[in-house]
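So the chains spell out like this:
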Amino acid sequence: MEIAAKYPTERLKCWGKAKEIRKKYYEDYMNAHDSGGLRMVGGAWSFSAIPSGLGDDIFSLTGEPYGANISFNKDFSIKCLEAAEKHGYARTLCAYMRNYWGSILLDKYCLTDGTIVDGFPKPDFIWQDHICCSHAKWYQVVSELEGGIPQFCIDVSVGPYNELNENRLNYVVSQMNDGIEWLQKVTGRDYDDDKLIEAVNNECRSTSLWAEICVLNKAVPAPLDEKTIYALYVLGTILKHSKVVADFYEEVRDEVKDRVNRGIAAVPNESIRVMTDTQPPWGFLKIFRYLEKFGGISVGSLYTFALIGAWEDKEDGTWGPRTTPQQQGIEIKTREQALRILADWNLSKPEWQHFYSHEYKSEMMLRIAREWKLDGVLLHYNRGCEGLTLGIAENRLAIQKAGIPVLAFEGNMGDEREFDEIRTTRQIDTFMENLRKR
Amino acid sequence: MIKVVLLDDRKTVAKSNILSGFDQNASVESALNTAMQQIGIIKSEITNIAATGVARKVIYLQPPINANIETAEVLADIKGAIDIHPSARVVIDVGAEEGKAVRCDEKGKVIDFVSNERCAAGAGVFIEAMSRALEIDVQDFGALALQSQKTIPMNSQCTVFAESEVISLLHSNITKEDIARSVNDAIAGRVASMTRRIGLENDLVLVGGMAKNVGYVDAMKRTLQTDVIVLPEPEFIGAYGAALTAAEYQQK
């Protein structure tokens, strides 16, 4: 039964610019050598602000967004997955990783419009961190497949942010300092601390702005739906240290604020608010549109809010954007100061906390459920990511115990063979019909 | 199987149950005609038709049936079960192809649900396959199981492999009744495991075609270590619940 529209809606004006930024990012990486630039690869969690000190012509390819980009293009994805399996890698491994390796093995590169070009652009160095077991091995394999690429990895397993102390922070910062020495040695370039400071300032600004944008989605009706949010948040995973993304997020924030002020809805028949968890099955984002049939909207998730967003407790007890050093009047003057702020900033991110205990994650999810006024939760039991599904069954129990209905559906963010679209839509039918009856 | 329940003033006046063919629409039409003929009515005399089940979208707003209401199976199950047995809190529906369980509160509001649509070893089709392997009528499978007092654990998780295991057991001179009990225990184990995900709360009610298998019912009691209630004509409870939804729609 269709639900009638009750709110006005408009397309996002900044949508086109978001697509352009992302498109340029992948093309810049591909064409980096044409202008004498360098290619860097690594995960979205790695401290991407640091290599900025080598110059303005360091172009990156961030692993997870590229894996997701491939997954969205199902025909190419299956070829990549099969190439990885043929090479001997198990199907149970991280799906992003297998897509990425497959792209190298096939020696093909996937652009944002789905164009597959010949020749995977070989990186010059790998800049990574050990956020999970898969990440720890991912780029070791990349290095081998590419004939030996220099790699530096920062270990970030210092425990949850509420237990951070000087020793633990120094552990990370000292590795960052070592990393800078390594970058200079490997690239032959001198390091510019001013560029590092600028990148750190940009990163603080962009990630705080992202949290501010997510807070605006507390509004009823929500100005953004999660399918749209994916297209915006990804910029923070690839270029959070750049002025381009920091400035763009300001534009997005202003536009979303305007939408809230005018009551513009992402989903005009919004009547059921839910959130999801973990990466979505990228090849089947249409399930978000399917929710709209029931007046359903996913207003976000811990994943989209907190993978890149920097958050803090506000005076009124709500969750809000973390106050940046600039907003606090702090001027970063030295490399050491920049690195300490960068380390602390990243270690405080909510999505980093859940690796340590499912209870941290449940707490944060329940907070989102309360403050964003949710009717239910959809949990993606995502076989493709060991890290983000850690403890998800416990999260389900905790959310249910709090009296919030939960639907758990099985799938894989990057392997379409493990997502049953028909079964999932049947489960959504039942879940949403039940929420409407409550 | 396609089940049809006709209500008049919330009372069941006719019902039918036929095997679905490849043409689902034709099968539903046939089942509906069978039910209508029982009380001598024609389709235009039916005020509302509610569709539920795996293929409900085939007939929802689609000719020739043009069901004007659709409802999810678990919601239909709860509605039907609570109407007959108001103290039902967990309803377990195992049919030929799938099994599901749903828990509700005292007002009949669904708290949680779980389903298995993939694994034949947790559905009635497992019994059908094992009946063939044991060369007995599927209708006699349950009663045969009750003649056994011994539990022989079945190791195979999959229906396909279980068939080979049953043959091996027969060759080892294990009796058919012991094997039948083991098969029912295996299904009950899977269904119980699925149900525990949503929590167990009395009264536990069994519906769906499998609930007519007395051996399965016995196995469920032993596995869950609690009494279970089998509603009369359990295979019709989902259709009955959907029909109640249709009846209430008329009253709005």
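Quick caveat: nothing in here was measured; it's all calculated off a predicted structure.

1. Remarks on unusual backbone geometry
For residues other than glycine, phi is negative in most cases, and the peptide bonds are mostly trans. With an omega dihedral of 5 degrees, the bond running from valine 220 of chain A to proline 221 of chain A counts as a cis peptide bond. For proline 221 of chain A, the position within the fold is in the loop between α7 (193–216) and α8 (226–239). Here asparagine 202 of chain B and aspartate 203 of chain B are connected by a cis peptide whose omega angle stands at 10 degrees. Positive phi, normally seen in glycine, also occurs at threonine 278 of chain A, with a value near 65 degrees.

2. Details of the environment of methionine 97 of chain A
All names here are of chain A. Here methionine 97 is to be found in helix α4 (residues 95–106). Between the alpha carbons of methionine 97 and cysteine 110 there is a distance of 15 Å; along the sequence they are 13 residues apart. If near-sequence neighbours (up to four positions away) are discounted, methionine 97 is found in contact with Gly67, Ser134 and Trp138.

3. Considering the domain arrangement of chain A
All names here are of chain A. Per the domain assignment, the segments of chain A are domain 1 (16–191) and domain 2 (196–437). For domain 1 versus domain 2, the distance between C-alpha centres works out to 22 Å. Taken together, the 41 residues of domain 1 in the interface contact 39 residues of domain 2. Elements that contribute at least two residues to the side of domain 1 that touches domain 2 include exactly α1 (15–31), α2 (63–72), α3 (74–86), α4, α5 (133–145) and α6 (166–187). When residues in the side of domain 1 that touches domain 2 are grouped by element, the largest group, six residues, is from α2.

4. Thoughts on the interface of chain A and chain B
With seven residues of chain A at the contact, the number on the chain B side is nine residues. Of the residues forming the side of chain A that touches chain B, the biggest block, five residues, is contributed by helix α16 (residues 421–437) of chain A. Taken together, the residues of the side of chain A that touches chain B sort by class into no nonpolar, three polar and four charged.

5. What to know about the environment of leucine 38 of chain A
Residues and elements named next belong to chain A. Tracing the chain through its elements places leucine 38 in strand β1 (residues 38–42). Judged by local crowding, leucine 38 falls into the buried class, with 20 C-beta atoms found within 10 Å. Taking the C-alpha atoms as reference, leucine 38 lies 30 Å from glutamate 351; in sequence the two are 313 residues apart.

6. Let's talk about the sheet that holds strand β6 (residues 151–155) of chain A
Consider a sheet: its strands pair through backbone hydrogen bonds, and that pairing is either parallel or antiparallel. Residue and element names in this part refer to chain A. Strand order in the open sheet made by the four strands is β2-β1-β5-β6, with parallel pairing throughout. In this open sheet, the two edge strands, each paired with only one partner strand, are β2 (58–62) and β6. Between one strand axis and the next, the sheet turns by 20 degrees as a mean value, whatever way the strands run. Bridge count for strand β5 (residues 125–130) against β6 is five bridges, and the pairing is parallel.

7. What to know about the domain arrangement of chain B
Assigned domains within chain B: domain 1 (2–72 + 239–251) and domain 2 (86–230). Just the C-alpha atoms count here: the centres of domain 1 of chain B and domain 2 of chain B sit 28 Å apart.

What counts, and where the lines are drawn
- Residues numbered from 1 in each chain as written.
- Chains lettered and ligands numbered in written order.
- Predicted model: local features only at pLDDT ≥ 70, side-chain atom pairs only at ≥ 80, totals over all residues.
- Helix = DSSP H or I, 4+ residues; strand = E, 2+ residues; numbered from the N terminus.
- Contact = placed C-beta atoms within 7 Å.
- Domains from an automatic or database assignment.
- Nonpolar A, V, L, I, M, F, W, Y, C, P; charged D, E, K, R; others polar.
- Buried ≥ 20, exposed ≤ 12 C-beta atoms within 10 Å, placed from the backbone.
- Pairing = 2+ DSSP bridges.
- Axes fitted to C-alpha atoms, helices over the stretch in contact; angles between N-to-C directions.

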